[in-house]
Amino acid sequence: MSPAISLSSESKAREISAIKTSAFSPGIFYRHLCQFHDAQSSAVSILIDSILAFPNIVLAIAILFYAGANIFNLVLVISFYTIPQFTRISRANTMLYAQREFVVAARAQGASHLRIILRELLPNVIVPVAAYSLLIMSFTIGLEGTLSFLGVGLPPPDPTWGQMISDGIEELEDDPFISFVPSFFMFMTILSLNLMGDRMRQFTDVKASSA
Amino acid sequence: MTDNTLLEVEDITVEYVTQGHRFAAISGVTLDIAEGETVGLVGESGCGKSTTARAIIQLPTPTAGKVRFEGQELTELSHAEMRPIRQRLQIIFQDPVSSLNPRRRVKDIIAEPLFISGMKDKAEIDRKVREVLNAVSMDPDITMDRRPHQFSGGQCQRICIARALIMEPKLIVCDEPVSALDVSVQAQILNLLEDMKERYGLTLLFISHDLAVVKNISDRVAVMYLGKFCELADSARIYEAPAHPYTAGLMATFPEIGDKVTNSGPALTGEIPSPLNPPSGCRFRTRCPQAEEKCAAEEPEFREIEPGHLVACHFPLVGE
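Caption draft 1: Structural context of the environment of A:Ile78. By the secondary structure assignment, A:Ile78 is in helix H4 (residues 71-98). For the pair A:Ile78 and A:Val129, spaced 51 residues apart in sequence, the C-alpha separation works out to 18 Å.

Here's what the structure looks like:
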């Protein structure tokens with residue numbers, strides 16, 4: 001059991017970091033660029049809203065069913081659902097900070113748009129986004145678990161929690177631990193990430209108000 | 001216009017579009033500032049003082065009109081072409097806390113104009129930052145590694161002034177630099193600005209809604225109402241004999257210790273009309289105690305009633 005779990009968490013870690021980088025970078029950069037171009041910004045907003053309007057799990061199952069369940073497709077599908085969330089939070093924060101006078105001050109000193117994005121906006125926007133990314137991480141673990149449980153997650157030999165839970169279902173009466181142990185670890189991981197995320201958000205909120 | 005004119009603002013208009021309506025935040029503002037001079041700009045909230053300040057530094061570029069700084073036309077320059085000029089044309093904002101990035105250290109904030117100008121020599125940057133911090137009476141050793149939220153409003157404004165000074169500018173536009181501060185701190189910052197003016201040979205455009213503050217610091221004072229200038233004169237003259245009824249009204253709302261005659265004119269009543277739909281003719285006529293038919297029909301010209309004293313009124317209280 002234990003090597004399976006450690007293997008699982010290792011591949012999980014890889015998976016999560018892949019999901020995070022793919023969702024995070026386009027989300028935040030697109031929004032930053034768009035902030036300076038209102039027309040494009042509203043076009044992106046419409047796109048983001050239409051992504052959010054799709055039924056979440058059903059579409060993911062459909063895509064994975066047709067495109068084939070492998071790690072690349074799984075990362076792609078999960079990223080697809082996390083981009084809007086990152087986009088929204090970085091957009092909201094960018095808009096908030098873009099109005100502050102230090103941005104005008106930087107422009108008054110002749111700073112270029114790129115410099116303002118990197119030096120003035122990004123350091124402020126990255127903190128709430130980082131706090132939020134912990135919450136997103138727990139969401140993606142849950143989503144992956146759901147997909148695996150429904151049979152469109154990673155195929156064996158790659159182990160995942162959802163798949164392990166699903167495998168144990170048939171023997172639930174005789175050996176409940178086969179499902180129970182991965183469920184417990186998934187639960188604890190998600191809980192920890194949520195608690196960390198909440199804590200970090202509180203921390204950044206306090207900072208922002210005192211500044 | 002004299003030979004040593006540093007800044008010429010000629011007939012600038014700034015228009016905004018809100019909810020499909022175009023409106024002019026300022027229209028037809030003309031002002032010359034000579035080198036070494038301090039010009040005060042007063043008016044009620046929302047009359048376009050800050051818009052004027054931002055139009056001068058080209059953020060945003062005025063919709064119409066010209067701004068010449070050291071003889072160079074600014075309105076047609078690109079962002080990159082403006083960069084070297086911005087070093088000599090600085091601005092200080094009303095809210096010192098908001099104008100400092102909370103995530104950066106004071107030394108980086110103050111050195112930012114140096115970084116932008118491409119200076120790489122760390123020792124030289126450090127030396128200059130220390131020099132301006134000393135100039136604004138802040139201890140560099142204590143200040144440099146801290147972040148803005150560790151300072152009070154007055155200290156933050158000193159940091160803003162240090163940042164404005166580091167490129168040794170010619171002109172600093174002060175957009176209500178003391179309005180957000182306590183009265184005791186206001187005096188310190190005003191004295192500091194005066195000292196810096198002397199030390200660095202600055203020219204100031206000083207914007208405020210507080211007549212007392214402007215009176216003490218300015219050589220000349222311009223009064224603004226609803227996006228237009230209504231009076232411009234020497235500081236002493238305008239306080240002694242205001243020609244525009246609006247200026248007189250403002251003076252009447254401004255008490256002074258030892259004043260025997262409190263009524264130099266009727267105090268202002270009513271609200272500022274919306275700039276979306278300014279009154280016809282003279283913009284002040286809806287609140288003016290001496291408005292006549294002519295004021296509604298015809299817009300008064302901004303004209304000279306005595307040397308150096310300009311007023312936009314059909315019936316000025318002095319001169320002619």
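So that's the structure; there's more coming.
Caption draft 2: Broad picture of the interface of chain B and chain A. Taken residue by residue, the interface counts 26 residues in chain B and 21 residues in chain A. Each partner contributes to the roughly 2,300 Å² buried at the junction of chain B and chain A, and carbon and sulfur atoms together form 52% of this total. Summed over the shared surface of chain B and chain A, the result is three salt bridges. Two residues, B:Arg54 and A:Glu101, come together in a salt bridge whose shortest N-O distance is 3.6 Å. Counting across the interface, chain B meets chain A through twelve residue pairs in polar contact (both at pLDDT 80 or more). Of all the secondary structure elements, the ones that give two or more residues to the side of chain B that touches chain A are helix H2 (79-86), strand S6 (89-92) and helix H3 (106-116) of chain B. At four residues, the largest contribution of residues to the side of chain B that touches chain A is made by H3(B). Here the residues of the side of chain B that touches chain A are counted per class, giving eleven nonpolar, seven polar and eight charged.

Caption draft 3: Fine view of the layout of surface pockets. All names here are of chain B. Its boundaries defined by the atoms lining it, the largest pocket holds a volume of some 610 Å³. Taken together, 29 residues line the largest pocket, and the ones lying closest to its centre are Thr30, Phe229, Leu232, Phe302 and Leu310. Looking at the lining of the largest pocket residue by residue, the classes come out as 14 nonpolar, seven polar and eight charged.

Reading the values: rules and limits
Residues numbered from 1 in each chain as written. Chains lettered and ligands numbered in written order. Predicted model: local features only at pLDDT ≥ 70, side-chain atom pairs only at ≥ 80, totals over all residues. Heavy atoms only, no water. Helix = DSSP H or I, 4+ residues; strand = E, 2+ residues; numbered from the N terminus. Contact = heavy atoms within 4.5 Å. Buried area = accessible area lost by both parts, 1.4 Å probe. Salt bridge = Lys/Arg side-chain N within 4 Å of Asp/Glu carboxyl O. Polar contact = N/O pair within 3.5 Å; in protein donor to acceptor, adjacent residues only side chain to side chain. Nonpolar A, V, L, I, M, F, W, Y, C, P; charged D, E, K, R; others polar. 1 Å grid on protein atoms, 1.4 Å probe; cavity = no way out; pocket = protein on both sides within 12 Å on 5 of 7 lines; lining within 4 Å. Points joined across faces, edges and corners; volume = space filled by probe spheres on them.

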